[in-house]
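Structure assessment
Residues per chain are reported as follows:
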Amino acid sequence: MTLLLMSSLLSMKMQTCKARVLVLMMSVIFWAASYSCAAWASAQPNNPYPEDEDKQAILYESFSERPKHMDPAVAYSSNEYAFIAQIYEPPFQYHYLKRPYQVVPLTATRMPEVVYLNPKGEKLGYSVNDNDIAFTDYIIEIQPDIRYQPHPALAKDAQGDYQYHQLSKEQIGAVTSLNDFTATGSRELTAEDYVYQIKRLAHPKVQSPIAEIMKNYIVGFDDFSKQVKDKSKTAIRNFPIAGATALSRYQYRIRIKGKYPQFIYWLAMPFFSPMPWEADVFYDQPGLADKNITLDWFPIGTGPYLMAENNPNRRMILLKNPLFHLETYPTEGEPEDKQKGLLTDAGKQLPFIDKVVFMLEKETIPYWTKFLQGYYDASGIASDSFDQAIQFTGSGGVALTPTLLEKGIQLQTSVTTSSFYMGFNMLDSTVGGATEQARKLRQAIAIAVDYEEFISIFMNGRGVAAQGVLPPGIYGFAESKEGINPYIYDWLDGKAQRKKIDAARQLMAEAGYAGGIDPKTKEALILYFDTTATSVDDRPRMNWYRKQFEKLGIKLVIRATDYNRFQEKMRTGNAQLFVWGWNADYPDPENFFFLLYGANSKVQYGGENAANYHNPEFDRLFEQMRNMNNSEQRYRIIQQLQEIARHDAPWIFGFHPKNFALFHSWYKNLKPNLMANNQLKYTRIDTAARAEKRQQWNEPVFWPLVLGGAVFVLMLIPAVNAYRRRVKETKL
């Protein structure tokens, strides 16, 4: 009896203990959930940035690969310009708001004084015949009191000597980054710095991509290049160059051959930014390049931003230049700019952003997710997220999806000043030459290769089929019926429509290839398409090209190879068909028509005429048009050039890409500018609105935690009951 009573009491005690444990566990779970809710109520646990940055004037962008060059004499790609155009300042820039694109002073006090000279170097009047002009002087005056960003190359000691220009091996061995040089210095920008940069462009060791072009224009450029080919970069400071001279501390002159109005556009490119000679002396010290302490990693300029961090495996950071000179937001633009809010900041000091953080993002999906969460301020649209962002309207237009509209996201579209085309090697015995047979063959292929379909399938509709050499936005581009390619398109129902395939087959027959049969072999005509498309992802495009040629009975053989081998084929003229493209260096038709100028033949002269096209009448008109000021006469000549190129068909005019960009509602002063690369200084972020939206879009969701805890407790109850039964059975 006593034993039974003790067993009963023990069982009751155990039940009480289990109940207490159960209550305790539930209390812990709900306490943890409550604590977490309280701790995270005002935080964003998925925020990839420090909390103290939340309301700062910081712009968040991304990059997928490190830019190779930060040296403005060498850099020539868009991903490089995204950085260096914010750091370096040529004397001129493009007006941010005005259209057509207009060059305006940047560091210069005014537009250059242009002086025409005869062969003796004597000044001519302004109404002279262009044939009398032997030289043109551009006299440029820069603003005083512009200073370089703080940089170790400019640091001086108490005696006034440069502190880091004669580093010992021990000193170089002790540093790992530019930031290890604790002292920095600055000095005033001078005209001589612009002259020094032109000398750098000419130095063979710099290997500037525009050196070959500039030797045709800047007086003495080629002679200087030969004179200093065995000299170090730092030595060129003491060698004069005939075409670039500092006239005073704030004024310099560039002398070019003949008349070349487009030279003003070059003066708005980073190539002609100033470079202090001290930078070359500093960076050229043996051992620094081994540590990536070079101008290609750490630039030095006078612009609104400086490179604070260059870590290509994680992030790159630009900081506002503390010594940036006075520059203000434009006070005028196009008539509709004020209504769009683009003049809200008129007259305010630039830049508005204090810091720009570029995070490495190799995958598009994580990047897209962070953009939707508000952690990136702007985004492009990758193919795998296109349907989430864009919907097509009934009229063929585009609009944002409801999800993005609810977030207040802004869509900006613009047709780029770029052309992509399929080229024929005009030196080839089958597709090349000026015979009627070859011309009709090229025209037939141009009709068959349906680039409207290409744009729809491979570009999500982000492109415009090309009708000629010039893209929209370039002077001389003709709209509507006047601007179509009549050999490939018909004007029907108020728009250009590609000719039916029967028209192409008729041309094939007239060319002697009826049904696509080569009369020499009595079999299908075989053509060769040389390309660098070697990956699995490229196969659908290559198959598409084959099908386009199959419409005419032509067998297209794809010859895929690596980039170096492809370039060799292009240089030697061993490619038959190829795809090529060109982005405008400046907004002038000369920058596109020169791609078909005979004297620029890639095989014969190493130029950019990749098709090796030569037509004496085209060349004559090009030479007449290239240096003219815009006028009715120039416009008529441009249309003649278009007609010749369309008739001869050295290219299948492909397409002009269309940019689609997304920006959050807090991103201000948005206007497409396809020429300006220094747009960051105009950007303003409404940080309060951004912080509010981030908080709204990233609130933690706690109910799954509470629900999970409750489910866990409920799952424990059967286990406890089972344990109690086993104990009871054991005792019995």
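One can find the structure itself at the top, above this paragraph.
Let me begin by describing the structure that accompanies this report. Predicted model only: the values in this text are computed from it and were never measured. (Residues numbered from 1 in each chain as written. Predicted model: local features only at pLDDT ≥ 70, side-chain atom pairs only at ≥ 80, totals over all residues. Heavy atoms only, no water.)

**Remarks on the nonpolar core**
In terms of nonpolar packing, the biggest core is built from 165 residues, with Phe263, Trp266, Phe272, Ile445 and Tyr545 touching the most fellow members. In terms of residue count, the dominant contributor to this core is helix H4 (residues 191-202) (seven residues). Those residues in contact with Phe263, other than ones at most four positions away along the chain, are Tyr138, Met214, Ile218, Ile254, Ile256 and Phe272. Ile317, Phe386, Ala389 and Phe660 belong to the second-largest nonpolar core, a separate cluster that totals 20 residues. (Core = buried A, V, L, I, M, F, W, Y, C linked by side-chain atoms within 4.5 Å. Buried < 20%, exposed > 50% of the residue type's maximum accessible area, 1.4 Å probe, protein only. Helix = DSSP H or I, 4+ residues; strand = E, 2+ residues; numbered from the N terminus. Contact = heavy atoms within 4.5 Å.)

**Looking at the packing of aromatic side chains**
Aromatic ring pairs are defined here through the distance separating the ring centres and the angle between the ring planes. One pass over the full model with this rule turns up 46 aromatic pairs. Aromatic pair Phe386 and Phe660: ring centres 6.1 Å apart, planes at 45°, arrangement tilted. Taken together, the residues Phe386 in helix H10 (residues 386-389) and Phe660 in strand E24 (residues 651-663) connect sequence positions 274 residues apart. The class for Phe386 is buried, based on a relative accessible area of 1%. Residue classification places Phe660 among the buried positions, given a relative accessible area of 7%. With a centroid separation of 5.0 Å and 45° between ring planes, the pair formed by Phe454 and Phe458 is classed as tilted. Of the two residues, Phe454 and Phe458 both sit in helix H13 (residues 451-458), four residues apart, roughly one turn of that helix. The residue whose ring lies beneath Lys156 is Tyr162, and the NZ or CZ to ring-centre distance is 4.9 Å. (Phe/Tyr/Trp six-rings, centres within 6.5 Å; stacked < 30°, edge-to-face > 60°. Lys NZ or Arg CZ within 6 Å of the ring centre and 35° of its normal.)

**Section: unusual backbone geometry**
Of note, the bond from Arg99 into Pro100 is cis; its omega dihedral lies within 30 degrees of zero at 0°. Within the secondary structure layout, Pro100 lies in the loop between strand E2 (92-94) and strand E3 (103-105). You will see that Asp145, though not glycine, has its phi angle at about 65°, which is positive. Looking at the element boundaries, Asp145 is found in the loop between strand E5 (135-141) and helix H3 (169-174).

**Here we look at the pattern of salt bridges**
Taken as a whole and assessed by the stated rule, the structure comprises 35 salt bridges. Close ionic contact of Arg187 with Glu278 constitutes a salt bridge, the shortest N to O distance being 2.8 Å. In this pair, Arg187 is assigned in the loop between H3 and H4 and Glu278 in helix H8 (residues 277-283), connecting sequence segments 91 residues apart. Shared partners join several salt bridges into a network, and the residues in it are Asp71, Arg200 and Asp280. (Salt bridge = Lys/Arg side-chain N within 4 Å of Asp/Glu carboxyl O.)

**Thoughts on helix H19 (residues 616-625)**
Because an α-helix completes one turn every 3.6 residues, residues spaced three or four positions apart along the sequence face the same direction. Where H19 is concerned, the buried positions are Phe618, Asp619, Leu621, Phe622 and Met625. The buried residues of H19 occupy an angular sector of 165° when projected down its axis, which confines them to one face. As for H19, its buried residues are in contact with helix H17 (590-593) and helix H20 (632-648). The opening residue of H19, the one whose side-chain oxygen lies 2.9 Å from the backbone nitrogen of Glu617, is Asn615. (Arc of directions from axis to C-beta. Polar contact = N/O pair within 3.5 Å; in protein donor to acceptor, adjacent residues only side chain to side chain.)

**Observations regarding the sheet that holds strand E4 (residues 113-117)**
Strand order in this open sheet of four strands is E4-E5-E7-E6, and the pairing throughout is antiparallel. A single partner strand is all that each edge strand has here, and the edge strands are E4 and strand E6 (244-248). Taken pair by pair, the neighbouring strands of this sheet meet at an average axis angle of 25°, ignoring direction. Of the strand pairs in this sheet, E6 and strand E7 (residues 251-257) are connected by four bridges, and their pairing is antiparallel. Paired with Ala246 across the bridge in E7 is Tyr252. Across the sheet, H4 lies against E6 and E7, angled at about 175° from E6, the strand it touches most. (Pairing = 2+ DSSP bridges. Axes fitted to C-alpha atoms, helices over the stretch in contact; angles between N-to-C directions.)

**Details of the packing of helix H12 (residues 436-448) against helix H14 (residues 501-510)**
Describing two packed helices takes the angle between their axes plus the distance from one axis to the other. Two elements in contact, H12 and H14, have axes whose closest approach is 8 Å; the angle formed by their N-to-C orientations is 160°. As the angle between them shows, H12 and H14 are arranged roughly antiparallel. For the element pair H12 and H14, the recorded crossing hand is left-handed. For the pair H12 and H14, contact is made by Lys440, Leu441, Gln443, Ala444, Ile447 and Ala448 and by Ile501, Ala503, Ala504, Leu507, Met508 and Glu510, respectively. Residue composition of the contact of H12 with H14, by class: nine nonpolar, one polar and two charged. (Parallel < 35°, antiparallel > 145°, perpendicular 65-115°, else oblique. Left-handed = near helix turned anticlockwise from the far one by under 90°. Nonpolar A, V, L, I, M, F, W, Y, C, P; charged D, E, K, R; others polar.)

**Thoughts on the pairing of strand E9 (residues 315-320)**
Strand direction decides the pairing type here: strand E8 (residues 305-311) and E9, joined by six bridges, are antiparallel. Its bridge partner lying in E9, Tyr305 is registered against Lys320. Remark: three residues form the turn of the hairpin made by E8 and E9, two consecutive strands paired antiparallel. Strand direction decides the pairing type here: E9 and strand E10 (residues 355-360), joined by five bridges, are antiparallel. Bridging from a neighbouring strand, Leu318 pairs with Val356 of E10.

**Some words on helix H9 (residues 364-372)**
Considered for burial, the residues of H9 that qualify are Tyr367, Trp368 and Phe371. Take H9 and look down its axis: the buried residues cluster within an arc of 100°, on one side only. Tucked inside the fold, the buried residues of H9 contact strand E1 (58-63), strand E11 (378-379), H10, helix H11 (402-406) and E24.

**Focus: the packing of H12 against H20**
Remark: H12 packs on H20, axes separated minimally by 8 Å, with the N-to-C direction vectors making an angle of 90°. With respect to H20, the element H12 is oriented roughly perpendicular. Of H20, the residues touching H12 (which contributes Arg439, Arg442 and Gln443) are Arg646, His647 and Asp648. A per-class count over the contact of H12 with H20 returns no nonpolar, two polar and four charged.

**Regarding the sheet that holds E9**
The strand order across the open sheet built from four strands is E1-E10-E9-E8, with neighbouring strands paired in mixed fashion. Whereas interior strands pair on both sides, the edge strands pair on one side only; in this sheet they are E1 and E8. Put simply, the sheet's adjacent strands are angled 15° from each other on average, direction ignored. The pairing of E1 with E10 spans six bridges and is parallel. Within E10, the position partnered with Ser62 by the bridge is Met359.

**Things to note about the environment of Ala610**
By secondary structure assignment, the location of Ala610 is in the loop between helix H18 (602-605) and H19. For Ala610, a relative accessible area of 2% gives the class buried. Taking the C-alpha atoms as reference, Ala610 lies 10.0 Å from Gly581; in sequence the two are 29 residues apart. Aside from chain neighbours lying at most four places away, what touches Ala610 is Tyr421, Met570, Phe578, Trp580, Leu595 and Lys602.

**Remarks on a nonpolar patch on the surface**
A cluster of nonpolar side chains, namely Leu707, Val711 and Met715, defines an oily patch on the protein surface of about 290 Å² accessible area. Using a relative accessible area of 57% as the deciding quantity, one classes Met715 as exposed. (Patch = residues over 30% accessible without salt bridge, like charges linked within 9 Å, V, L, I, M, F, W, Y side chains within 5 Å. Areas by Shrake-Rupley, 256 points an atom, 1.4 Å probe, with all protein chains shown as cover.)

**Points about the environment of His151**
Along the polypeptide, His151 turns up in the loop between E5 and H3. By relative accessible area, His151 is classed as buried at 1%. The spacing of His151 and Gly185 is 34 residues in sequence and 5.4 Å in space, taken between C-alpha atoms. Setting aside residues up to four positions removed in sequence, His151 forms contacts with Leu178, Thr184, Gly185, Phe282, Tyr283, Phe298, Pro299 and Ile300. Within the structure, His151 has its side chain in polar contact with the backbone nitrogen of Ala153 (distance 2.9 Å).

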